[in-house]
Amino acid sequence: MGFRVIKTAIAALLAILITDALEIPGATSAGLLAILGVDVTRKRSLHSVSSRFFASLLGLVFASVLFQLLGYHYWVLALYILIAFPAISKAHLKEGIVTSSVVVFRVFSGQELDIHIFWTEVQLLMIGLGSAMVVNMIYMPKGEGQLGQIRRQVDGLFSQIFTQISRTLREPSHLWDGKEMIQAGKMVERGIAESNRNLENQMLHPDLAWNVYFYMRKEQLDHIAAMMHLVSQIYEKLPTGIFAAELFDQISQDVIAEEYTGKTEKLLTEVQARFREMELPKTREEFEVRSAILQLSKELEDFLKISKRSKAPTSKVAKQA
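Every value quoted in this text rests on a predicted model; they were computed, and no experiment measured them.

### A few points about the packing of aromatic side chains
Consideration 1: Taken as a whole and judged by the stated rule, the model has 13 aromatic pairs.
Consideration 2: When the ring of Phe 158 is compared with that of Phe 162, the centres are 6.5 Å apart and the planes differ by 90°; the resulting orientation is edge-to-face. You can see Phe 158 and its partner Phe 162 sitting in helix α7 (residues 144-170), four residues apart, about one turn around the helix. The same class applies to Phe 158 as to Phe 162, namely buried.
Consideration 3: Residues Tyr 213 and Phe 214 carry aromatic rings whose centres are separated by 4.8 Å and whose planes lie at 75° to one another, so their mutual orientation is edge-to-face. Each member of the pair Tyr 213 and Phe 214 is classed as buried.
Consideration 4: These aromatic residues form a ring-pair network of at least three members: Phe 67, Tyr 72, Tyr 74 and Phe 108.
Consideration 5: In this structure, Arg 274 is placed above the aromatic ring of Phe 243, and the distance from its NZ or CZ to the ring centre is 4.6 Å.

### Side note on the environment of Ser 48
Consideration 1: Tracing the backbone through its elements, the reader meets Ser 48 in helix α3 (residues 42-70).
Consideration 2: By relative accessible area, Ser 48 is classed as buried at 0%.
Consideration 3: Along the chain, Ser 48 and Leu 129 lie 81 residues apart, while their C-alpha atoms are 9.2 Å from each other.
Consideration 4: If we ignore the near neighbours within four places in the chain, the residues touching Ser 48 are Gly 37, Asp 39 and Glu 95.

Conventions and cut-offs
- All residue numbers refer to positions counted from 1 along the written sequence of the respective chain.
- Predicted model: local features are reported for residues with pLDDT of at least 70 only, side-chain atom pairs are reported and counted for 80 or more only, and whole-chain, interface and lining totals are derived from all residues.
- For the side-chain quantities, the full set of heavy atoms in the structure was used; hydrogens and water were omitted.
- Only centres within 6.5 Å qualify two rings of Phe, Tyr or Trp (six-membered ring in Trp) as a pair; their planes then separate them into stacked at under 30 degrees, edge-to-face at over 60, and tilted for everything else.
- To qualify as a helix, a DSSP run of H or I must reach at least 4 residues; to qualify as a strand, a run of E must reach at least 2; elements of each kind are numbered from the N terminus.
- Burial classification: accessible surface area is computed with a 1.4 Å probe over protein chains only, and a residue below 20% of its type maximum counts as buried, one above 50% as exposed, and the rest as partly exposed.
- Note on criteria: charge over ring means Lys NZ or Arg CZ within 6 Å of the ring centre, with the direction from the centre no more than 35 degrees off the ring normal.
- Note on contacts: a residue pair qualifies if any of its non-hydrogen atoms lie within 4.5 Å across the two residues.

Shown next, in the form of structure tokens:
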């Protein structure tokens, strides 16, 4: 049983008890409205409840006019749908169409609509939707633990990717299916979705750190994809490949560290200096492979620049590698 189900049950019960205590007819209708009003985040709940409330008021106005002029016939309900639904959508209250229909159909079942009944329906709306919003505002499960778990999985996959790149640089004949790249992409997208949901639960002081982290990883995935393309062009074992492999050995460790260590950046500077000191390629094949390795080091440099400018998702964690 999910937590949202528990919240829905509490909101419905609260709405029914309040309505019954105030001796307002239609306590179960208030409970139904509460069920419709429960949402997954605080901000979405606030938007949803306001949309449903004003859409229902608009629907009641249309229904009042139609029922008074044309009577309580089934075809009038169809006419109501044809007129009210487009109007509610045009008013940017589309989310409240179902709630307004519940209210209007309840009025139709009573075959009567006056100022007293209109006010009763408004009270049911306030109690039902209000109960849902109160329950949503009081507590929403924190996503910090889940976000931390996703971050560790993403970091672990990045580490595996760099380990595979290092092995390929040492052994160009090594075959790798690249499944970690696909998994990392999926986990990053999941992290972005969860961090957005977590952000919608922060009403006063939103913390963007998790969003920054996962969008950083998404940007870095583009550079990793470019690295993989370059690695596929390395078909010969060269000393420059061994030097580059050392870089990816280092970053495979740094990427899962809690702080930006700067070790890979320092080693990259040393390796690039070695490249400049080496003699020029003597064959076309050596030129092609060394060119790919040089571009690979440039992609890694861009990857590290992104890490340095992006903050970590928690105050306890410094910049990620």
